[in-house]
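Chain residues, written in single-letter form:
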Amino acid sequence: MIPFLNKNSYSKIEWTMMKSSFSLIWLLSFLLVFSRYNYAPTPESIFKLLPGSFYLSYNAKIFLLSTNLLLIYFYIIEKHIWWSLLGLSLISLFTFSLEDSNSDFNRNTMITGIFFAQFFAYSIKKIYLDFDTEKYRIQFSVQLISISYTISAISKLNTSGLKWITDGLLMPLQIMKTNYFGFVNDGNIAHITNARLIINLLDKYSFGVMFILAFTLIIELFAVVSIINKKYAFVYGVLLVFMHIGIYLVLDVAIGGTYIPMLIFMVNPVFLFWITLKKIKNTCMMLIGY
Amino acid sequence: MKQLIYKSSGFIIVLIYFIGVIIFGEAHPFSKFSMYNSFADYSYVFYFTDNENKMIKCTDLNTTGTNLAHMYTTICEKNNFEHGHGMESDSVLHEIGKQMLNITKINNLKYTHNNKKVKINRMYFYYEGKVIKCKKQEMYETIFK
């Protein structure tokens, strides 16, 4: 039905669109963190290894931004890609560790992880020249994404057990919290109205809530099956998109650092948009007799 | 070695990341993705007010409600303060609020609230029977300069 899914390899155009959209998301996240933070008041990750206090000067930010732009350029045109990925992995590690060190846990794990996974694929290629990087630079990224979702489910089962599903009846308190987060961010009262609306709905359909939570847990737990092949990754990606939409509607929570890399490497919406446009163009050409 | 890498290439990152999470826990780029791994029977929301008790939007102070909640937990854990279910005493809340405002302040020196009074407050949501109640508490106030 969708021909590009029948192959278990990825075309150059698919890869180009994945890495271009991923680079854009990475650059925006980088700019957001660097516009916000100069210090690491609550050191986390690599900042725990620094002996003294940390301050990121304006000049250092300019240097990192220039280096980052250069590395992104090389990554996209695929020149010095091993060095580009090494550099991007390290800058990403530094950037999001700085973010975490301000207690701003935006769960951007996947961005750094994907750069490292792709770097790993190119490192194998450096040693074994016949290694299929065209496939594994993407498949390694999918592996990282899928295991992250599975770990999230394991974490739920480890902390709450299957009670996580029935405990969902306490969700109204979390709904209040996350919607109030939105309210204290932008002062928009619509967040609170939304919270009341959702809580009333959940109150009426408590069995439905438990069913949805069970469904979410199962989707997350088995996310690792996405590594089987490209088709599995796509279908699972679509399932995960629905799960994220549900979480957004109910909890007013959208964790960009998680769902955007998943969307790019498992669903590849820019590529889908591109082939749709191409199909429309071909149909139009046929209709007008070219 | 080559055979081993080629045979495991279909799942090698899964394995490396899983082992990494076991060893390093919550240290970027490793994470247990523990958000919402339990549904607590209480919740906290933090917000800022000015000297007229009007809410200051978090975005005006270069932060977010989620960030403040994470900051609260980090500070409690670093200082070994027991927290949750509204158990924190006024003095503990005062100390946590002080540290939260200090962290907010250092990344905001060039922002619009210079020389203005900023107060940090907490909303504590909990169940009383089947009704959700909210208790508002002032934590700490300071002048941004």
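Residues numbered from 1 in each chain as written. Chains lettered and ligands numbered in written order. Predicted model: local features only at pLDDT ≥ 70, side-chain atom pairs only at ≥ 80, totals over all residues. Heavy atoms only, no water.

1. Regarding the overall build of chain B
Okay, step 1: Within chain B, the secondary structure is distributed over 4 helices and 4 strands.
Okay, step 2: Ordered by position in the sequence, the α and β elements of chain B form the string α-α-β-β-α-α-β-β.
Okay, step 3: What you see for chain B is a C-alpha radius of gyration of 21 Å, clearly larger than the 15 Å of a compact globule of 145 residues, by over 25%.
Okay, step 4: The principal-axis extents of the C-alpha atoms in chain B amount to approximately 70 × 45 × 25 Å.
Okay, step 5: Relative to its 145 residues, chain B shows a buried fraction of 48%.
Okay, step 6: Long-range contacts, defined here as pairs at least 24 residues apart, represent 59% of the contacts in chain B between residues at least 6 apart.
Okay, step 7: Taken as a whole, chain B presents about 7,500 Å² of accessible surface, with 55% of it coming from carbon and sulfur. (Helix = DSSP H or I, 4+ residues; strand = E, 2+ residues; numbered from the N terminus. Rg over C-alpha atoms; globule rule 2.2 N^0.38 Å. Buried < 20%, exposed > 50% of the residue type's maximum accessible area, 1.4 Å probe, protein only. Contact = heavy atoms within 4.5 Å. Areas by Shrake-Rupley, 256 points an atom, 1.4 Å probe, with all protein chains shown as cover.)

2. Some remarks on the sheet that holds strand 3 (residues 116–128) of chain B
Okay, step 1: In space, the 4 strands of this open sheet follow the order 2-1-3-4 (chain B), with antiparallel pairing throughout. Every interior strand has two partners, whereas the edge strands, strand 2 (55–56) and strand 4 (131–144) of chain B, have only one.
Okay, step 2: The strands touched by helix 8 (residues 171–186) of chain A are strand 1 (42–49), strand 2, strand 3 and strand 4 of chain B; relative to strand 1 of chain B, the strand with the most contacts, the crossing angle is about 15°. (Pairing = 2+ DSSP bridges. Axes fitted to C-alpha atoms, helices over the stretch in contact; angles between N-to-C directions.)

3. Points about the domain arrangement of chain A
Interfaces are frequently sized by the accessible area removed from exposure as the parts join.
Residue and element names in this part refer to chain A.
Okay, step 1: Annotation of chain A at the domain level lists domain 1 (9–131) and domain 2 (143–254).
Okay, step 2: Between domain 1 and domain 2 the total buried area reaches about 510 Å² when both faces are included, carbon and sulfur atoms providing 75% of it.
Okay, step 3: Sorting the residues of domain 1 by area buried against domain 2 places Y10, M110 and I114 first, and these three jointly supply 66% of that buried surface.
Okay, step 4: Where domain 1 touches domain 2, the interface holds 1 salt bridge.
Okay, step 5: The element that contributes the greatest number of residues to the side of domain 1 that touches domain 2 is helix 5 (residues 109–127), accounting for 3 residues. (Domains from an automatic or database assignment. Buried area = accessible area lost by both parts, 1.4 Å probe. Salt bridge = Lys/Arg side-chain N within 4 Å of Asp/Glu carboxyl O.)

4. Overview of the packing of helix 11 (residues 230–251) of chain A against helix 12 (residues 256–267) of chain A
Residues and elements named next belong to chain A.
Okay, step 1: Across the interface, helix 11 lies against helix 12 with an axial gap of 9 Å and an inter-helix angle of 150°. Taken together, the axis directions place helix 11 and helix 12 in an arrangement best described as roughly antiparallel. Our pair here, helix 11 against helix 12, has a crossing hand that is left-handed. On helix 12, the residues touching A233, F234, Y236, G237, V238, L240, V241 and H244 of helix 11 are T258, Y259, M262, L263, M266 and V267.
Okay, step 2: When grouped by side-chain class, the residues that make up the contact of helix 11 with helix 12 number 11 nonpolar, 3 polar and no charged. (Parallel < 35°, antiparallel > 145°, perpendicular 65-115°, else oblique. Left-handed = near helix turned anticlockwise from the far one by under 90°. Nonpolar A, V, L, I, M, F, W, Y, C, P; charged D, E, K, R; others polar.)

5. Here we look at the interface of chain A and chain B
Okay, step 1: The interface of chain A with chain B comprises 71 residues on the first partner and 62 residues on the second.
Okay, step 2: Here chain A meets chain B over a buried area of about 5,700 Å², counting both sides, of which 66% is carbon and sulfur.
Okay, step 3: Of all residues in chain A, R107, L173 and V184 of chain A give up the largest surface area on contact with chain B, accounting jointly for 12% of the area buried on that side.
Okay, step 4: Our enumeration of links across chain A and chain B arrives at 3 salt bridges.
Okay, step 5: The interface formed by chain A and chain B includes 23 residue pairs in polar contact (both at pLDDT 80 or more).
Okay, step 6: For the side of chain A that touches chain B, the elements supplying multiple residues, two or more each, are helix 2 (12–36), helix 4 (81–100), helix 5, helix 6 (133–160) and helix 8 of chain A.
Okay, step 7: Element by element, the count of residues in the side of chain A that touches chain B is highest for helix 6 of chain A, at 14 residues.
Okay, step 8: Its residues assigned to classes, the side of chain A that touches chain B comprises 36 nonpolar, 25 polar and 10 charged. (Polar contact = N/O pair within 3.5 Å; in protein donor to acceptor, adjacent residues only side chain to side chain.)

6. A look at the pairing of strand 1 of chain B
All names here are of chain B.
Okay, step 1: Counting buried residues in strand 1 gives 8 out of 8 residues, a clear majority hidden from the surface.
Okay, step 2: Inspection of the sheet shows strand 1 paired to strand 3 by 8 bridges, in the antiparallel sense. Note that in strand 3 the partner of V45 across the bridge is M123.
Okay, step 3: Alignment of strand 1 against strand 2, held across 2 bridges, turns out to be antiparallel. The partner of F48 across the bridge, within strand 2, is I56.

7. So, the nonpolar core
Okay, step 1: Formed by 66 residues in total, the largest nonpolar core has its most connected members in W26 and F140 of chain A.
Okay, step 2: Of all the secondary structure elements, the ones that give two or more residues to this core are helix 2, helix 3 (58–77), helix 4, helix 5, helix 6, helix 11 and helix 12 of chain A together with helix 2 (12–24) of chain B.
Okay, step 3: Among all residues touching W26 of chain A, those that are not within four sequence positions of it are N68, I72, L88, I91, S92, T95, F96, I111 and F115 of chain A.
Okay, step 4: Core analysis: the next-biggest nonpolar cluster, separate from the first, contains 52 residues, L173, M176 and I198 of chain A together with V45 of chain B among them. (Core = buried A, V, L, I, M, F, W, Y, C linked by side-chain atoms within 4.5 Å.)

8. Things to note about the confidence of the model for chain B
Okay, step 1: For chain B, the mean per-residue pLDDT works out to 90, and 95% of the residues sit at or above 70.
Okay, step 2: With pTM at 0.89, the complex prediction returns an ipTM value of 0.89. (pLDDT = per-residue confidence, 0-100.)

9. Examining helix 6 of chain A
All names here are of chain A.
Okay, step 1: Over its 28 residues, helix 6 extends 40 Å from the first C-alpha to the last, a length consistent with the 40 Å expected when each residue adds 1.5 Å.
Okay, step 2: Most of helix 6 sits inside the fold, with 22 of its 28 residues counted as buried.
Okay, step 3: Immediately beyond the C-terminal end of helix 6, within one or two residues, lies G161, with a positive phi of roughly 65°. (Expected span 1.5 Å × (residues − 1).)

10. Focus: the packing of aromatic side chains
All names here are of chain A.
Okay, step 1: Here the structure, examined in full by the defined rule, presents 34 aromatic pairs over all chains.
Okay, step 2: Judged by centre distance (5.4 Å) and plane angle (40°), the ring pair of F47 and F94 falls under tilted. Taken together, the residues F47 in the loop between helix 2 and helix 3 and F94 in helix 4 connect sequence positions 47 residues apart. As far as the burial class goes, F47 and F94 line up, both buried.
Okay, step 3: Of the aromatic side chains, those joined through ring pairs into one cluster are W15, F22, W26, F30, F34, F47, F54, Y75, F94, F96, F115 and F265.
Okay, step 4: The ring of W82 is capped by K126, whose NZ or CZ atom sits 4.7 Å from the centre of that ring.
Okay, step 5: Taking the ring centre of Y10 as reference, the NZ or CZ of K230 above it sits at 4.8 Å. (Phe/Tyr/Trp six-rings, centres within 6.5 Å; stacked < 30°, edge-to-face > 60°. Lys NZ or Arg CZ within 6 Å of the ring centre and 35° of its normal.)

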